[in-house]
Amino acid sequence: MRPDRSRLYHVFARREVTEPLRQVGTVHAPDETLAAVYAATTYDEEQWLDMRIVPADCLMVVYDRTHIRTGNP
Amino acid sequence: MSGKGCEVAEPDSVAEKVGLPLVATLVAAKQRLARHYLEWCVRGPVLEASTAVAAMAQEERGQAAVLRGLLDQASGPRGIALPMAVVDRAATWVDLIVLAALFDSAITYVLATVAGIWPVLSRRAGKILQEEQFHQMFADRWFVLLGRDLAVGPLLRQQAARVRVQVQQWLDQIDTLLQQHSPGLAAESTVAVWGRHIDALFAEASSTADTRG
């Protein structure tokens, strides 16, 4: 019964208008509606002013130096 | 009815004569629904779903407590009996999603209707209706996901059809009560509005699966 086409979403939130949105975590969900529900119910420890989600595969790479840290080519 | 606080309702008006038994009905419905969610809060098919169900259980319990504050516990009115399909244990995830999609939404439609005629309730209903938006999003999306699943889709539709008949009868009783005390209350009955929502949900769950995600 596990949805097959689950996608990773980054969750961003802030407490004040003057704060930047910051990443508070991630959720896996088969679509954006469930991702929104999962984000709201998983990261509800704070009284957030607003919360946003973005599919992880929609983030564009500016540069990627992880191989330097990990040692992988 | 004496007040335990300034917001315990006095059954003077027509709205309160119908409102109090309906609030008693909603309290019982939300308590039962909270129990169903509680039983599934560590048994969902994915961690995120279990977390969502745990939050929904807490919210249903909180909402029941808020609504119960309107009732005089000593001589509180009896509500309309819950459908058997709602009283029965939700043995599978499909059972739970059917209850969430059909019954949780029905409760919300009733609450919105009664809040529209009873200012005391409308003051308490705002936050509840806001929380219920997420419940409905969760239930509807899972209903569609399962409905489109080749393995469990037929079972879900069969179970949903069975529960739908019972919830519809329950809503008919509520509409009758509303019409007895407030004829011409709403242009449309609660059961008609709810029925349209469920028709759309059934259609979406029966349509070809999309390819998103």
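None of these values were measured; they are calculated from a predicted model.

Draft legend 1. Spotlight on the packing of aromatic side chains. Under the counting rule described, the total for this entry stands at 6 aromatic pairs over all chains. Plain terms: the ring middles of Trp 93 of chain B and Phe 138 of chain B are 6.3 Å apart, the flat faces sit at 85 degrees to each other, and that makes the pair edge-to-face. You can see Trp 93 of chain B sitting in helix H4 (residues 93-117) and its partner Phe 138 of chain B sitting in helix H5 (residues 119-147), a full 45 residues away along the chain. For Phe 138 of chain B, a relative accessible area of 0% translates into the label buried. Ring geometry for Trp 93 of chain B and Trp 142 of chain B: centres 5.3 Å apart, planes at 85 degrees, overall edge-to-face. Taken together, the residues Trp 93 of chain B in helix H4 and Trp 142 of chain B in helix H5 connect sequence positions 49 residues apart. Across this residue pair, the class does not change: Trp 93 of chain B and Trp 142 of chain B are buried. A network of ring pairs unites the aromatic residues Tyr 38 of chain A together with Trp 40, Trp 93, Phe 138 and Trp 142 of chain B as a single cluster. In this structure, Arg 43 of chain B packs its charged tip against the face of Trp 40 of chain B, placed 4.0 Å from the ring centre.

Draft legend 2. Spatial organisation of the confidence of the model for chain B. All names here are of chain B. Per-residue pLDDT for chain B averages 87, and the proportion of residues at 70 or more is 85%. Mean pLDDT in chain B bottoms out at helix H1 (residues 14-39), which sits at 89, and peaks at helix H2 (residues 47-68), which reaches 96. Per the prediction output, this complex has pTM 0.86; the corresponding ipTM is 0.80.

Draft legend 3. Representation of the interface of chain B and chain A in the model. Chain B puts 20 residues into the contact, and the matching count from chain A is 19 residues. With both sides pooled, the region where chain B packs onto chain A buries about 1800 Å², and carbon together with sulfur makes up 67% of that total. Inspection of the chain B/chain A interface yields 1 salt bridge. Its salt-bridge partner being Arg 141 of chain B, residue Asp 31 of chain A comes within 2.7 Å of it at the nearest N-O pair. For the pair chain B and chain A, the interface holds 3 residue pairs in polar contact (both at pLDDT 80 or more). Every element with two or more residues in the side of chain B that touches chain A is listed here: H2, H4 and H5 of chain B. Here the side of chain B that touches chain A takes 7 residues from H5 of chain B, the largest share from any one element. Within the side of chain B that touches chain A, the residues separate by chemical class into 13 nonpolar, 3 polar and 4 charged.

Draft legend 4. Structural view of the pattern of salt bridges. Under the criterion given, the structure shown has 12 salt bridges over all chains. A salt bridge links Asp 50 of chain A to Arg 14 of chain A; the nearest nitrogen and oxygen atoms lie 2.9 Å apart. On the criterion of sequence distance, the pair formed by Asp 50 of chain A in strand S3 (residues 50-55) and Arg 14 of chain A in strand S1 (residues 7-14) is long-range, its members being 36 residues apart. A residue is classified by how much of its surface remains accessible, and Asp 50 of chain A, at 14% relative accessible area, is buried. In this structure, the salt-bridge partner of Lys 127 of chain B is Glu 131 of chain B, at a minimum N-O distance of 2.7 Å. Here Glu 131 of chain B and Lys 127 of chain B lie together in helix H5, a separation of 4 residues that amounts to about one turn. Given the relative accessible area of 16%, Glu 131 of chain B is considered buried. Each of Arg 14, Asp 50 and Arg 52 of chain A takes part in a single network of salt bridges with overlapping partners.

Draft legend 5. Fine view of the side chain of Thr 108 of chain B. Residues and elements named next belong to chain B. Mapped onto the fold, Thr 108 is located in helix H4. Within polar-contact distance, the side chain of Thr 108 engages the side chain of Glu 132 at 3.3 Å. The contacts of Thr 108, once residues within four sequence positions are left out, are Leu 129 and Glu 132.

Draft legend 6. Spatial organisation of the sheet that holds S3 of chain A. Residue and element names in this part refer to chain A. The strand order across the open sheet formed by 3 strands is S2-S1-S3, and the pairing between neighbours is antiparallel. At either margin of the open sheet sits one strand with a lone partner, and together these are strand S2 (22-29) and S3. Direction aside, neighbouring strands of the sheet carry axes that sit 30 degrees apart on average. Contacts from helix H1 (residues 32-42) reach S1, S2 and S3 within the one sheet, and its direction differs from that of S2 by about 130 degrees.

Draft legend 7. Spotlight on the packing of H5 of chain B against helix H6 (residues 153-181) of chain B. Residues and elements named next belong to chain B. Axis separation between H5 and H6 bottoms out at 7 Å; the angle between their running directions is 125 degrees. What the angle tells us is that H5 and H6 run oblique. Residue-level inspection shows Phe 143, Leu 146 and Gly 147 of H5 in contact with H6, the latter providing Gly 153, Leu 156, Arg 157 and Ala 160. Across the contact of H5 with H6, the residue classes tally to 4 nonpolar, 2 polar and 1 charged.

Parameters at a glance
- Residues numbered from 1 in each chain as written.
- Chains lettered and ligands numbered in written order.
- Predicted model: local features only at pLDDT ≥ 70, side-chain atom pairs only at ≥ 80, totals over all residues.
- Heavy atoms only, no water.
- Phe/Tyr/Trp six-rings, centres within 6.5 Å; stacked < 30°, edge-to-face > 60°.
- Helix = DSSP H or I, 4+ residues; strand = E, 2+ residues; numbered from the N terminus.
- Buried < 20%, exposed > 50% of the residue type's maximum accessible area, 1.4 Å probe, protein only.
- Lys NZ or Arg CZ within 6 Å of the ring centre and 35° of its normal.
- pLDDT = per-residue confidence, 0-100.
- Contact = heavy atoms within 4.5 Å.
- Buried area = accessible area lost by both parts, 1.4 Å probe.
- Salt bridge = Lys/Arg side-chain N within 4 Å of Asp/Glu carboxyl O.
- Polar contact = N/O pair within 3.5 Å; in protein donor to acceptor, adjacent residues only side chain to side chain.
- Nonpolar A, V, L, I, M, F, W, Y, C, P; charged D, E, K, R; others polar.
- Pairing = 2+ DSSP bridges.
- Axes fitted to C-alpha atoms, helices over the stretch in contact; angles between N-to-C directions.
- Parallel < 35°, antiparallel > 145°, perpendicular 65-115°, else oblique.

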